[in-house]
Amino acid sequence: MDRLDQIIFINNLPTIDLHGFDSETARVAINDFINDNYKMQNNFIVIIHGIGKGIIKKITFETLKKNRKILEFKSYYYNNGCTIAKIDLK
């Protein structure tokens, strides 16, 4: 599995749940989570941000766009409250 669009099941992927986080704490947690999974050589990660007012989802997308270790990301097809991202392991 090399592409985001090939991912159907996310249960076995590393996951962080951001429910209850404020914007800045979420940003720091996402970057720490990316760095940890980069070190562990995990290709794909899942970020659960929820739906709500979309504030944490917006922060998630902004953080993923700015992080050099992220190749691509998208909302998970089966749950709009999740985002899956691919880490550049090179």
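Note that the structure is a prediction, hence the values are computed from the model and not measured.

## Thoughts on the sheet that holds strand β4 (residues 79–87)
- Taking strand neighbours across the sheet as the criterion, the four strands line up as β1-β2-β4-β3 in an open arrangement whose pairing is mixed. Two strands close off the open sheet at either side, each with one partner strand: β1 (15–17) and β3 (70–76). Across this sheet, the average inter-strand angle for adjacent strands is 20°, counted without regard to direction.
- Pairing between strand β2 (residues 44–48) and β4: five bridges, direction antiparallel. Of the residues in β4, the one forming a bridge with valine 46 is isoleucine 84.
- Packed on one face of the sheet, helix α1 (residues 23–39) meets β1, β2, β3 and β4 and runs near 160° to β2.
- Strand contacts of helix α2 (residues 55–66): β2, β3 and β4, with the helix running at about 160° to β3, the strand carrying the most contacts.

## Here we look at the pattern of salt bridges
- Enumeration according to the criterion identifies two salt bridges in this entry.
- For arginine 3, the salt bridge is made with aspartate 5, and the minimal N-O distance between the two is 3.0 Å.
- When the shortest N-O distance is used, the salt bridge between glutamate 24 and arginine 27 registers 3.3 Å. With glutamate 24 and arginine 27 both in helix α1 and three residues apart, this pair spans about one turn of that helix.
- A relative accessible area of 48% means that glutamate 24 is categorised as partly exposed.

## Digging into the pairing of β2
- Most of β2 sits inside the fold, with four of its five residues counted as buried.
- Pairing between β1 and β2: three bridges, direction parallel. Looking at the pairing, threonine 15 lines up with valine 46 of β2.

Thresholds, definitions, all that
- Residues numbered from 1 in each chain as written.
- Predicted model: local features only at pLDDT ≥ 70, side-chain atom pairs only at ≥ 80, totals over all residues.
- Heavy atoms only, no water.
- Pairing = 2+ DSSP bridges.
- Helix = DSSP H or I, 4+ residues; strand = E, 2+ residues; numbered from the N terminus.
- Axes fitted to C-alpha atoms, helices over the stretch in contact; angles between N-to-C directions.
- Contact = heavy atoms within 4.5 Å.
- Salt bridge = Lys/Arg side-chain N within 4 Å of Asp/Glu carboxyl O.
- Buried < 20%, exposed > 50% of the residue type's maximum accessible area, 1.4 Å probe, protein only.

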